[in-house]
Amino acid sequence: MNSKDAMYSWHLSLRVDRPVEGCSIRPHAYMYGKKLDDRDSSTNNSTHNKVCREPPPNHEFSYRWFRGPTIEPCAYEGCPRRTSFSPHDWSKHALGGSGCSLQCVSAQSSLYKATFCNSDCFVKAWKTQYTIQNSSDTNNGNNIPQARSSTPLRKRTGSYCDDDRSVGSSNSGNDVNYIPATPGEISVNGGNNNNGNNTTMNNPYSTQSSEDEWIEISRDQLYIPHTEDIGRKLKVEAAAYSVESGELLMHRVVKTDLVLSRTPEPEKRNLVTAKPAGGGGARFRIVTYNILAEIYATQQQYPYADLWALSWDFRFQNIIREIVDVGPDIVCLQEVQADHYESHLYNAMHEAGFEGVYKQKTRQAMGMTGKVDGCALFWRRTKFHLVESYSIEFNELAQRQVTQGMGLNPRSEEGASILNKLSKDNVAQLVVLETAQPSMTRGNREPNQVCIANTHLYSNKDCPDVKLWQTLHLLQELETFIMARGPANLPLMICGDFNSTPDSAVYDLLSRQLVHPGHPDVNTGDENGPSVLPDIMSITHSHMLGSVYNTVLGEEPKFTNYTMQFKGVLDYMWYSTRNLRPLSAAPIPDESVLTRHGDALPSTQYSSDHLMQISDMQIVSGGSR
């Protein structure tokens, strides 16, 4: 093929996540072209796939959303999904892992063309089916019984490439000459005042049968399903137009899965109170929670979870509700994605009465801007106001140790090797909060400030020495910070995901102020790279810290991270025992509760692979505990 005769194959890809009530859904539309050569076979033209002499020009998309008719989700009368559209009932866990609907194709069965939500319902219904005998006195000689459903054979839920339901397709029942409106012609209400309750004569999805009626409901790119959408399917149309000429280039329509209702509220987590003690000052409720950043919530990492249940828009609604329902005064979050802090989390927390700060990891974004996680720290505005705010970058501390502490050139072989091992982009946050209404006891002003540190340490299980190094330097930074504020030590809490179990050197250092020389985490061997830890006698600190959960409940939880690959404790809430007292803690739910709606976390009920820790704390003075 000569260069002047070059041809291009244009393609329009369109995908949309499963819709859930109250969770915004955004179409993933992408138009691209591929240069064809002599080896490429001819491509059949369609509304979303065609051959042209030029590559696709600059373009923009317009969108239209339609609500479908009510359909029977499952023909088996004993199926709970006939009346329930809870995400719990439509997950892979509830469906037996198949996530695939079935249709009976036996023309002699009483279940002919009946659709079932999964194989289990089909098997149960098959026990009640009976054979339809041939009849010679039918009007047209066709003895096929009336169809119960029009769902295709073994139609997999979540499949969006079935374009025989697209606008203008041969099987759609629509006008093949239908052309979508250009962006300039589109208005949100479609130019009428029926609020989407009726269709117009020009609606390509309308038919004379009310059972097949598709009602246009929006022309915005973003759509948030409402109560009236539950149990129905949606259609979204994406039309690509040339930016320069306004010409319609391609368009495509896909149909979603059934719209599900909101996730039911989880069981309330009761607080276990500690042994009562007299006196004390201001009280506050604090939580720490690794909320699982979207960039890590992949099907490859969590194959047991539904793809739609891993989507950020679905998980965000569950996570924000879980946090707000606890009624915290201070919130420490880890794995907060930078773009989601700006677009979702800060606004939602601000509306709930919180102010906050954010610190993203040191590394560059994974792809697009904002695709990097970090830590976020919020406080209730009516309870506290901010006095000071700082952030700690462990990469910077590593640079300081190599150049100042060890006197090495960071470009030398030894210096570069140590920097490479320690520079893992982790960060910590540090704020000093002051109670909005200082407490008074017998005319004396009680301590009314508290220092909160929030961190997320390195995750690699094969690098315990790096985590220990990060912990040691975090504690040293906090020592310097607190001692600089005079002899009246600030109450201190250190919360976060330490990626370390209770048998680790990190836990020993925090709880015992030292690490045993024989601990395996400080004897990793040469195969683990250069040594980065100081002499064992120097691995210490002056903080007197206690674990909130161990103090209140007598032991650490069985797990704070619960996946198929790992179940254990990684998250902690540490407090200074001199001037803080834990009043209560919320036990982690039992395994039977966690696995009720999924094999592990995340699930349709718990939208992170970690579990939130909750505690009521009290500031104390005079050295009492």
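Residues numbered from 1 in each chain as written. Predicted model: local features only at pLDDT ≥ 70, side-chain atom pairs only at ≥ 80, totals over all residues. Heavy atoms only, no water.

Asker: Any chance you could break down the overall build of the protein chain for me, citing the residues and the numbers?
Answerer: Of regular secondary structure, the protein chain possesses ten helices and 26 strands. Across the 625 residues in the protein chain, those meeting the buried criterion constitute 51%. Once local pairs closer than 6 in sequence are excluded, the contacts in the protein chain between residues at least 24 apart make up 75%. Per element, the accessible surface of the protein chain, about 29,600 Å² overall, is 46% carbon and sulfur. (Helix = DSSP H or I, 4+ residues; strand = E, 2+ residues; numbered from the N terminus. Buried < 20%, exposed > 50% of the residue type's maximum accessible area, 1.4 Å probe, protein only. Contact = heavy atoms within 4.5 Å. Areas by Shrake-Rupley, 256 points an atom, 1.4 Å probe, with all protein chains shown as cover.)

Asker: Residues and numbers for helix α5 (residues 394–405), please.
Answerer: Every buried residue of α5 is accounted for by Phe394, Asn395, Leu397, Ala398, Gln401 and Val402. Down the axis, α5 shows its buried residues gathered within 165° of arc, on one side only. Immediately downstream of α5, the backbone of glycine 407 shows phi near 65°, a positive value. (Arc of directions from axis to C-beta.)

Asker: Break down empty space enclosed by the protein for me, citing the residues and quoting the values.
Answerer: Here the structure, examined in full by the defined rule, presents three cavities of 30 Å³ or more. Considering only enclosed or pocket space, the largest cavity measures out at about 70 Å³ in volume. Contributing to the lining of the largest cavity are 14 residues, with Tyr304, Ala305, Asp306, His597 and Ser603 lying nearest its centre. When its residues are assigned to classes, the lining of the largest cavity shows five nonpolar, six polar and three charged. Reported here for the second largest cavity is a volume of approximately 60 Å³. Taken together, Pro266, Asn318, Arg321, Glu322, Gln605 and Ser607 make up the full set of residues lining the second largest cavity. Residue classes in the lining of the second largest cavity are distributed as one nonpolar, three polar and two charged. (1 Å grid on protein atoms, 1.4 Å probe; cavity = no way out; pocket = protein on both sides within 12 Å on 5 of 7 lines; lining within 4 Å. Points joined across faces, edges and corners; volume = space filled by probe spheres on them. Nonpolar A, V, L, I, M, F, W, Y, C, P; charged D, E, K, R; others polar.)

Asker: Residues and numbers for the sheet that holds strand β1 (residues 8–15), please.
Answerer: Pairing in this open sheet of three strands is antiparallel, and the strands run β2-β1-β3 from one edge to the other. Of all the strands in the sheet, the pair left with one neighbour each is β2 (28–35) and β3 (49–52). Each neighbouring strand pair of the sheet contributes to a mean axis angle of 20°, computed without reference to strand direction. Relative to β2, β1 runs antiparallel, the two being bridged by eight bridges. The residue of β2 that forms the bridge with serine 9 is lysine 34. (Pairing = 2+ DSSP bridges. Axes fitted to C-alpha atoms, helices over the stretch in contact; angles between N-to-C directions.)

Asker: Please set out the pairing of strand β8 (residues 232–242) residue by residue, giving values where relevant.
Answerer: Note on strand geometry: in a regular strand, side chains alternate between the two faces of the sheet. Among the eleven residues of β8, nine are classified as buried, and the element is accordingly described as predominantly covered. Judged from the ten bridges that link them, strand β4 (residues 59–70) and β8 form a sheet pairing that is antiparallel. Bridged to arginine 64 within β8 is glutamate 237. Strand direction decides the pairing type here: β8 and strand β9 (residues 248–255), joined by seven bridges, are antiparallel.

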